[in-house]
Amino acid sequence: MRELGRDLRYSVRALSRLPGFTAVAVVTLALGIGANAAIFNLVDTVMRRPLAVADLPRLQSVLTVSSDFPGFFPVSYRNYVDLRDHNTVFSRLAAVTPVAVGLTEGGEPEQIDGAMVSGNYFDTLGVRPALGRTFVPDEDSVPGAHPVVVLSHALWQRRFGADPRLVGRVIQLNHQAFTVIGVAQPGFNGTSLLAPAGFWVPLMMHDQVLPQALRPLFDMRKATLLGVLGRLRPGLDPQRAEVAMKTLAAGLARDYPDDNKGLSLALLPLAHAATGANDRRILARVAWLLAAVVAVILLIACTHVANMLVVRGAGRRKEIAVRLALGVGRGRLIRQLLTETLLLFLLAGVADLLVASWTNGLIARLVAPRLPGVSLGLDWRLLLFIFGLSLVTGLAFGLAPALQSSRPDLVPALKNEAAAGHRRWLSLRNGFLAGQVGLSLVAVIGAFLFLASFRNAQRLDPGFERQHLLVASFNLDSQGFGEPRAEAFLDQLVQRVESLAGVRSAAVAENLMLVDFGMRRRLKIEGRELAASDALLAQTSAVGPHYFETLRIPILRGRGFVAQDRADSRGVAVINRTFADRYWPGADPVGAHLRLPKRDLEIVGVAQDVKYNFLVEDPQLYLYLPIAQSYSSQVTLHVRTAGDPAPLADTVRRTVQAAAPTLPLQRLATISEVIDGRLWTRRAGATLMAVLAALVLVLAGLGVYGVISYSIVQRRSEIGIRVSLGATPAAVVRLFVAHGMAPVAAGLGLGLLAALATTRFIAAMLVGIGTGSPLAFGAAILVMTAIAAAANYLPARRAAAASPARIMRQE
């Protein structure tokens, strides 16, 4: 310990004598380690510990899987009851499903996202209330008998001013009276990061809070509405539990073949399901990509500092030679040099706290639209990661410079002459330089690919005219409207909006394209038997008259919907082009009949395909129904304007509020804003990659500049002799730039090969551009070459302009 203390004191003195060197090294490492710390914090928070619950690893999500369709699905209420009553692997099995209600207390009318949960939901998660209590089993036994609600801590603070007297009071949810019985603990926002809950009500209040269209589905065994989660019994592993649940699923398929044929069950850790069971793979791919990019940045930063250490070691040749000549062992010197390096990296770790704090804020702003339940902050895990990474990288990248610096040629070093081993040092330095350039090129190519992909995604045609279109979404259940009253309200609202100055047309629809996924329904074609492998399952949406005209969706055959398509008229439908081409290739489907359960539909039109769920998707089967014949309380008003729709937003808001003063709007935006929101993942990825690529270019430029500058300083006498013998400054500059660009060229070649091998892993994340795009590769190589050439040219020009006599005197 005494020797370690001496090493530390000596290292402090040595670094303090070179404040410029120390500052550049610390800042460089802080950028590299800080970027890694920020991404680690994001991945750790989102992927590993997303929920504020007790003993998260013991919690599993139970999901439905189908032999007919890929992915994971929720569980029906009836299946959940059977699983809850007969399972032997979970100590508790709870259920949850998201809902949205209108809230008028505490401020302006507002749509609040929440959840219906089973009575044992909070006990299963181990969540305790901050005020009052949570549910008891009796409150989830009789439909409609217990109108009670638990509020989230965030909603209680924001909407009710953290009033402790709120517990026991009655508030109105969807114009229904609910008694507040408790407030959840801080930080708990439910079991989904994608849709944080502001309140929870018992499952048996489904008729009071579910949208009217979903209420009949609640008790249907085939309607998969519930997320199911359970706490494993002590000593039971998830694999055994999944086998037991699959056995229960097989029994349900035998007992209820009409509803459960082809269905089974799967288990996922609740931490995984919290980010969306079907989105987990995409998030994991993004996480690995970000981790790879920041790892490249760390490698670049570390190679830059390692080169600086090599440079500094060469400048200390005489000092080290004197210490060796006086009998100091080489091992002792290596330990001393490693101590200085580790001190540099630990100082960078302290600076990383500031970098990580800033980058946490940047990342939080980028992910907030998609993961509103994520809260990033500094904790002991992040501190441990920062200082652990500082120590590991310090040892890894400090060892080679320490070994090289501790073995100088003693006699030349003591005479202050050029080292005989200079070429070996040059080889190590150039190796570091080539590696730094190669890694930088890979990162810059990735950034150019993502930027080009985002640009292409912005230009994608959604299939409808996106200019001059305003949308306003709301749920009429929040007003307690029955179906006849709701239909009259929608007709009057459309007429009022169409009478506004600057409005060309208006129409209502159940779903907002690219946001609301249409319910998939099984259909039959009258007079035709389809093979089981060709089962007709189409997405549906209920729309009002003039919907296609308002969105400018072309009708290819037949007609769209008109005011005469009422509930008491014959059932009609419009299908999309993909639907028609698949089941009526080369024929006209207008006049054909489809059959839904208890309903017959005549096809009256064929509409052009549009993008229904995602801007990048395969063609979908889609069926439009008149909203008067397929009522939906969830509605989006579409307004086609003559000019810019944004100035009309407040006018439309006032018109809606005049028609229904307590109706909260879920969304009021231009369709361009909606599409921009759907592109947030690509925008966030492109933004992060651009920022990281800029950081890479700065580090690469500094690295090349620093190494070339020192190389030229080491060859000052050669420069003086060349100029004295008649070499022109331009010739000297060309010579040194050519020498300096040699390792750069090698690095570009290595980076090009590495990029060709690695970018194929991001092919699925790109739109309209291949991973081997000549444009992206060419632009990245040009940028890197220009930066490297500038970093070579500037020190070479400065050296060539120096006086030969002055150089020789200094030597």
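Here the structure is shown first, and the text comes after it.
Residues numbered from 1 in each chain as written. Predicted model: local features only at pLDDT ≥ 70, side-chain atom pairs only at ≥ 80, totals over all residues. Heavy atoms only, no water.

**Thoughts on the overall build of the protein**
Working step 1: Assigned secondary structure in the protein consists of 25 helices and 23 strands.
Working step 2: Per-residue burial over the protein gives 51% buried out of 811 residues.
Working step 3: Accessible surface, the protein: about 35,700 Å² in total, of which carbon and sulfur atoms supply 59%. (Helix = DSSP H or I, 4+ residues; strand = E, 2+ residues; numbered from the N terminus. Buried < 20%, exposed > 50% of the residue type's maximum accessible area, 1.4 Å probe, protein only. Areas by Shrake-Rupley, 256 points an atom, 1.4 Å probe, with all protein chains shown as cover.)

**Section: helix H7 (residues 238–255)**
Working step 1: Look at H7: 26 Å from first C-alpha to last across 18 residues, which is about the 26 Å you get at 1.5 Å a residue.
Working step 2: Along H7, the residues that are buried comprise Ala241, Met245, Ala249, Gly251 and Leu252. The arc enclosing the buried residues of H7, seen along the axis, measures out at 155°, which places them on a common side. Looking at H7, the residues exposed on the side facing more than 90 degrees away from the buried face are Gln239, Arg240, Val243, Thr247 and Arg254.
Working step 3: The elements touched by buried residues of H7 are strand E1 (59–66), helix H3 (77–86), strand E3 (90–103), strand E10 (224–232), helix H8 (257–260) and strand E11 (263–269).
Working step 4: Two or three places before Gln239, at the start of H7, stands the capping residue Asp237, its side-chain oxygen 3.0 Å from that residue's backbone nitrogen. (Expected span 1.5 Å × (residues − 1). Arc of directions from axis to C-beta. Contact = heavy atoms within 4.5 Å. Polar contact = N/O pair within 3.5 Å; in protein donor to acceptor, adjacent residues only side chain to side chain.)

**Structural notes on a nonpolar patch on the surface**
Working step 1: Judged by side-chain polarity, Tyr705, Tyr793 and Leu794 come together as a nonpolar surface patch covering roughly 260 Å² of accessible area.
Working step 2: Classification of Leu794 by relative accessible area gives partly exposed; the value is 39%. (Patch = residues over 30% accessible without salt bridge, like charges linked within 9 Å, V, L, I, M, F, W, Y side chains within 5 Å. Salt bridge = Lys/Arg side-chain N within 4 Å of Asp/Glu carboxyl O.)

**A few points about the packing of helix H23 (residues 729–758) against helix H24 (residues 774–800)**
Working step 1: Between H23 and H24, whose axes approach to 9 Å, the crossing angle comes to 155°. Classified by the angle their axes make, H23 and H24 are roughly antiparallel. When the axes of H23 and H24 are compared, the crossing they make is right-handed. Taken together, the residues of H24 that come into contact with H23 (itself represented by Pro729, Val732, Val733, Phe736, Val737, Gly740, Met741, Val744, Leu748, Leu752, Ala755 and Leu756) are Phe777, Ile781, Met784, Thr785, Ala788, Ala789, Asn792, Tyr793, Ala796, Arg797 and Ala800.
Working step 2: A per-class count over the contact of H23 with H24 returns 19 nonpolar, 3 polar and 1 charged. (Axes fitted to C-alpha atoms, helices over the stretch in contact; angles between N-to-C directions. Parallel < 35°, antiparallel > 145°, perpendicular 65-115°, else oblique. Left-handed = near helix turned anticlockwise from the far one by under 90°. Nonpolar A, V, L, I, M, F, W, Y, C, P; charged D, E, K, R; others polar.)

**So, the nonpolar core**
Working step 1: Ranked by internal contacts, the top residues of the largest apolar core, which has 61 residues, are Ile297, Val437, Ile445, Leu449, Ile712, Ile762 and Met784.
Working step 2: Here this core takes 13 residues from helix H21 (residues 680–714), the largest share from any one element.
Working step 3: Other than its neighbours up to four places away in sequence, Ile445 contacts Ala755, Thr759, Phe777 and Ala780.
Working step 4: Core analysis: the second largest hydrophobic core is formed by 44 residues, Leu151, Val201, Ala241 and Leu267 among them. (Core = buried A, V, L, I, M, F, W, Y, C linked by side-chain atoms within 4.5 Å.)

**Re a positive patch on the surface**
Working step 1: A grouping of Arg6, Arg9, Arg13 and Arg17 is seen on the molecular surface, where their side chains present a positively charged patch.
Working step 2: Of the residues examined, Arg13 reaches a relative accessible area of 45% and is grouped as partly exposed. (Lys, Arg positive; Asp, Glu negative; His and termini not counted. Charge placed at Lys NZ, Arg CZ, Asp CG, Glu CD.)

**Concerning the packing of aromatic side chains**
Working step 1: Applying the stated criterion across every chain yields a total of 17 aromatic pairs.
Working step 2: A centroid spacing of 5.2 Å and a plane angle of 85° characterise the contact between Tyr121 and Phe122, whose relative ring orientation is edge-to-face.
Working step 3: Classification of Tyr121 by relative accessible area gives buried; the value is 0%.
Working step 4: You can call Phe122 buried: its relative accessible area is 1%.
Working step 5: When the ring of Tyr612 is compared with that of Tyr622, the centres are 4.1 Å apart and the planes differ by 10°; the resulting orientation is stacked. Separated by 10 residues along the polypeptide, Tyr612 in the loop between strand E20 (599–607) and strand E21 (622–626) and Tyr622 in strand E21 bring together distant segments of the chain.
Working step 6: Cluster of aromatic residues (ring-pair linked, three or more members): Tyr547, Phe548, Phe561, Tyr612, Tyr622 and Tyr624.
Working step 7: Just above the ring of Tyr256 sits the side chain of Arg221; from NZ or CZ to the centre is 3.6 Å. (Phe/Tyr/Trp six-rings, centres within 6.5 Å; stacked < 30°, edge-to-face > 60°. Lys NZ or Arg CZ within 6 Å of the ring centre and 35° of its normal.)

**So, the packing of helix H16 (residues 483–498) against helix H19 (residues 649–659)**
Working step 1: Where H16 meets H19, the axes come as close as 10 Å, and the angle between the chain directions of the two elements is 145°. Of the two elements, H16 crosses H19, and the hand of that crossing is right-handed. Along its contact with H16, which presents Phe489, Leu493, Arg496 and Val497, the element H19 presents Thr655, Val656, Ala658 and Ala659.
Working step 2: Partitioned by chemical class, the residues of the contact of H16 with H19 number 6 nonpolar, 1 polar and 1 charged.

**Some details on H19**
Working step 1: Buried within H19 we find Ala649, Val652, Thr655 and Val656. Down the axis of H19, the sector holding all buried residues measures 125°, keeping them to one side. Seen from the open side of H19, the exposed residues pointing more than 90 degrees away from its buried face are Arg654 and Ala658.
Working step 2: Looking at the buried residues of H19, the elements they touch are strand E12 (469–475), H16, strand E22 (634–641) and strand E23 (665–670).

**A closer look at the pattern of salt bridges**
Working step 1: Enumeration over the complete set of coordinates arrives at 18 salt bridges.
Working step 2: A salt bridge links Arg159 to Glu110, with the shortest nitrogen-to-oxygen separation between them at 2.5 Å. On the criterion of sequence distance, the pair formed by Arg159 in helix H5 (residues 153–160) and Glu110 in strand E4 (residues 110–117) is long-range, its members being 49 residues apart.
Working step 3: The class for Arg159 is buried, based on a relative accessible area of 8%.
Working step 4: Residue Arg215 pairs with Asp477 through a salt bridge whose shortest N-O separation is 3.6 Å. Pair noted here: Arg215 is in the loop between helix H6 (206–209) and E10 and Asp477 is in the loop between E12 and H16, with a separation of 262 residues, a long-range link.

**A closer look at unusual backbone geometry**
Working step 1: Of note, the phi angle at His175 is positive, near 60°, even though the residue is not glycine.
Working step 2: Judged by relative accessible area, His175 falls into the partly exposed class, the value being 42%.
Working step 3: Phi is positive for Arg552, close to 60°, though the residue is something other than glycine.
Working step 4: Along the chain, Arg552 falls in the loop between helix H17 (547–551) and strand E17 (555–558).

**Comments concerning the side chain of Thr97**
Working step 1: With respect to the helices, strands and loops of the structure, Thr97 is situated in strand E3.
Working step 2: The class of Thr97 is buried, set by a relative accessible area of 8%.
Working step 3: If sequence neighbours within four positions are ignored, Thr97 has contacts with Gly114, Ala115, Met116, Leu225 and Leu226.

**Points about the environment of Ile575**
Working step 1: Tracing the backbone shows Ile575 in strand E18 (residues 572–576).
Working step 2: Relative accessible area serves as the criterion here: at 0%, Ile575 is assigned to the buried category.

**Comments concerning the side chain of Thr64**
Working step 1: Tracing the chain through its elements places Thr64 in strand E1.
Working step 2: Within the structure, Thr64 has its side chain in polar contact with the backbone oxygen of Pro74 (distance 2.7 Å).
Working step 3: If sequence neighbours within four positions are ignored, Thr64 has contacts with Gly71, Phe72, Phe73, Pro74, Val75, Thr224, Leu263, Ser264 and Leu265.

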